[in-house]
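Inside the fold
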Amino acid sequence: MTHSSFERIGMSRGYQEQFLREQIAEYDQLLRDSRRGAGRPFRRNIIKVIEKQKTQREERLRDLLAREKKDDGLVFEELGSGHLFIDEAQQFKNLETPTKMERVAGIQTGAQRNAPSTCT
């Protein structure tokens, strides 16, 4: 199956909601941890980045919940697949990684693409 075909298989609304809520909780924890050492100037920058990322997730969750409920068609959970082998791994490099560290080589904090087949 090509990557473009794979992208067309969506995730269920319930899974997307759970995924976004978990991400928001993770960003909340990062904010709490970062604010403990907020006196240092570089901490203010990373706190702003984390707050922006959290706000983006909250907006995506609001959009998801505001959409009319309709039949999702075929969703990934219904495929019954136990494993995936991906030949196009370059499509998944530079995924956003929630972190309270700033400017770490190899870690993206504002990537456009998120985990495959999540809310878009």
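What this report covers is the structure whose coordinates are included nearby. Everything quoted here is computed from the prediction, not taken from an experiment.

1. Examining the packing of aromatic side chains
All chains considered together, the criterion is met by 1 aromatic pair. Where Y15 meets F19, the ring centres are 6.2 Å apart and the plane angle is 20 degrees; that geometry is what we call stacked. Taken together, the positions of Y15 and F19, both in helix α2 (residues 13–35) and 4 residues apart, correspond to about one turn of that helix.

2. Notes on the nonpolar core
Residues Y27, L30, L31, I46, I47 and I50 constitute the largest nonpolar core, which totals 6 residues. If you list the elements that add at least two residues to this core, you get α2 and α3 (41–66). Not counting the four nearest positions on each side in its chain, Y27 is found in contact with I50, Q53, K54, R57, E96 and P98.

3. Some thoughts on α2
Compared with an ideal rise of 1.5 Å per residue, which puts 23 residues at 33 Å, α2 spans 33 Å between its outermost C-alpha atoms and is within 8% of the ideal. Three or more residues of α2 are buried, namely R13, Q16, F19, L20, Q23, I24, Y27, L30, L31 and S34.

4. Some remarks on the environment of V75
Here V75 lies in the segment after α3. Along the sequence, V75 and R13 sit 62 residues apart, while their C-alpha atoms lie 9.2 Å from each other. Excluding residues within four positions of it along the chain, V75 makes contact with I9, G10, M11 and S12.

Conventions and cut-offs
Residues numbered from 1 in each chain as written. Predicted model: local features only at pLDDT ≥ 70, side-chain atom pairs only at ≥ 80, totals over all residues. Heavy atoms only, no water. Phe/Tyr/Trp six-rings, centres within 6.5 Å; stacked < 30°, edge-to-face > 60°. Helix = DSSP H or I, 4+ residues; strand = E, 2+ residues; numbered from the N terminus. Core = buried A, V, L, I, M, F, W, Y, C linked by side-chain atoms within 4.5 Å. Buried < 20%, exposed > 50% of the residue type's maximum accessible area, 1.4 Å probe, protein only. Contact = heavy atoms within 4.5 Å. Expected span 1.5 Å × (residues − 1).

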